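Structure assessment
One-letter residues, chain by chain:
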Amino acid sequence: MASSRASASRPWLILAALEAVCFGPYFRSIGFYLDDWLHLELAGDGKTGLLASMRAFAARGGFSARPLDVPYFALFMSAGGAHPTFYRAVLVVLHLAVVALFYLLCREFSDDRELSLLSAALGLALPLGDASELWWSVSQQMLATALILASLWRHAKRSRAGHRGPAELVLSQLLYLLALLLYEGGIAFPLFLG
């Protein structure tokens, strides 16, 4: 029983260790970049509270294509203020969520645990991953990616198990809709199901 539990937790420990190795050295030295400053200004540096930050974001426009960005960034600002360490911690959690969901999705399509782990580990360590780790203003894209992967995982799990009931399908579609309201780039993901 204990070895079974250890075996099941092994992939998660490996991915967490890889995250620490890839991004840990930079965690405390990272600041805000480019569009981060615009978002900080739009949110009024978080001192005004959640509703005031939401009003500030909405009044400045620019988020009409991404309606969930308004509460998303306002909530971030209200919780973290102008302290980069808070945002880095949240970005690490989001990044790990994306990698974990990718691993789960790979496991739905392959019984090979090591291949699924390798795929997730490569996704974690790719140089492109650093932008999502460093840049707060693109964090909604990472959350959208996590929601899309969760949607695909639930859909694949439902299909593989032969479920025909609507509950799992509705959940999958709801996750996908939330992702699109955060970032429109996920519109092409259903093509991967074909």
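Here, the structure is the one placed above.
Structural notes, computed from the coordinates. (Residues numbered from 1 in each chain as written. Predicted model: local features only at pLDDT ≥ 70, side-chain atom pairs only at ≥ 80, totals over all residues. Heavy atoms only, no water.)

Now for helix H6 (residues 113-125). Taking 1.5 Å per residue as the helical rise, H6 with its 13 residues ought to reach 18 Å, and the 18 Å between its terminal C-alpha atoms agrees with that figure. Capping the start of H6 is the job of one residue whose side-chain oxygen sits 3.1 Å from the backbone nitrogen of Glu114: Asp112. (Helix = DSSP H or I, 4+ residues; strand = E, 2+ residues; numbered from the N terminus. Expected span 1.5 Å × (residues − 1). Polar contact = N/O pair within 3.5 Å; in protein donor to acceptor, adjacent residues only side chain to side chain.)

With 32 residues, the main nonpolar core has Leu40, Phe57, Tyr72, Tyr87, Leu101, Leu105 and Trp136 as its most contacted residues. Within the residue set of this core, elements represented by two or more residues are helix H2 (35-42), helix H4 (69-80), helix H5 (84-109), helix H8 (139-161) and helix H9 (166-182). The greatest single-element share of this core, amounting to ten residues, is contributed by H8. Apart from residues lying up to four places away in sequence, Tyr87 is in contact with Phe32, Leu40, Phe76, Met77, Gly80, Gly81 and Trp136. Listed in part, the eight residues of the second largest apolar core include Phe23, Val99, Tyr103 and Leu117. (Core = buried A, V, L, I, M, F, W, Y, C linked by side-chain atoms within 4.5 Å. Buried < 20%, exposed > 50% of the residue type's maximum accessible area, 1.4 Å probe, protein only. Contact = heavy atoms within 4.5 Å.)

Bringing the packing of H5 against H6 into the picture now. Where H5 contacts H6, the axes come no closer than 9 Å and their chain directions differ by 150°. Looking at the two axes, H5 sits roughly antiparallel to H6. Judged by the sense of rotation from one axis to the other, the crossing of H5 with H6 is right-handed. Here H5 contributes His95, Leu96, Val99, Phe102, Tyr103, Cys106 and Arg107 to the contact with H6, which in turn contributes Arg113, Ser116, Leu117, Ser119, Ala120 and Leu124. When its residues are assigned to classes, the contact of H5 with H6 shows eight nonpolar, three polar and two charged. (Axes fitted to C-alpha atoms, helices over the stretch in contact; angles between N-to-C directions. Parallel < 35°, antiparallel > 145°, perpendicular 65-115°, else oblique. Left-handed = near helix turned anticlockwise from the far one by under 90°. Nonpolar A, V, L, I, M, F, W, Y, C, P; charged D, E, K, R; others polar.)

Before going further, it helps to examine the pattern of salt bridges. What the rule picks out here adds up to three salt bridges. The salt bridge involving Arg66 is made with Glu184; its shortest N-O contact spans 2.8 Å. One end of the pair, Arg66, is in the loop between helix H3 (50-60) and H4; the other, Glu184, is in the segment after H9, with 118 residues separating them in the sequence. Note on Arg66: relative accessible area 22%, which makes it partly exposed. Classification of Glu184 as partly exposed rests on a relative accessible area of 36%. Measuring nitrogen to oxygen at the nearest pair gives 3.6 Å for the salt bridge that ties Lys157 to Glu108. Of the two residues, Lys157 sits in helix H8 while Glu108 sits in helix H5, which places them 49 residues apart along the sequence. You can call Lys157 partly exposed: its relative accessible area is 33%. Taking the relative accessible area as the measure of exposure, Glu108 reaches 13% and is therefore buried. (Salt bridge = Lys/Arg side-chain N within 4 Å of Asp/Glu carboxyl O.)

Time to look at the packing of aromatic side chains. Any two aromatic rings considered together are summarised by their centre-to-centre distance and by the angle between their planes. Within this structure, the stated rule accounts for three aromatic pairs. Arranged with centres 5.1 Å apart and planes meeting at 75°, the rings of Tyr72 and Phe73 form a pair that is edge-to-face. A residue is classified by how much of its surface remains accessible, and Tyr72, at 12% relative accessible area, is buried. On the basis of relative accessible area, Phe73 is assigned to the buried category, the value being 0%. A centroid spacing of 5.3 Å and a plane angle of 80° characterise the contact between Phe86 and Tyr87, whose relative ring orientation is edge-to-face. Seen from the ring of Trp153, Arg154 lies directly overhead, with NZ or CZ sitting 5.1 Å from the centre. (Phe/Tyr/Trp six-rings, centres within 6.5 Å; stacked < 30°, edge-to-face > 60°. Lys NZ or Arg CZ within 6 Å of the ring centre and 35° of its normal.)

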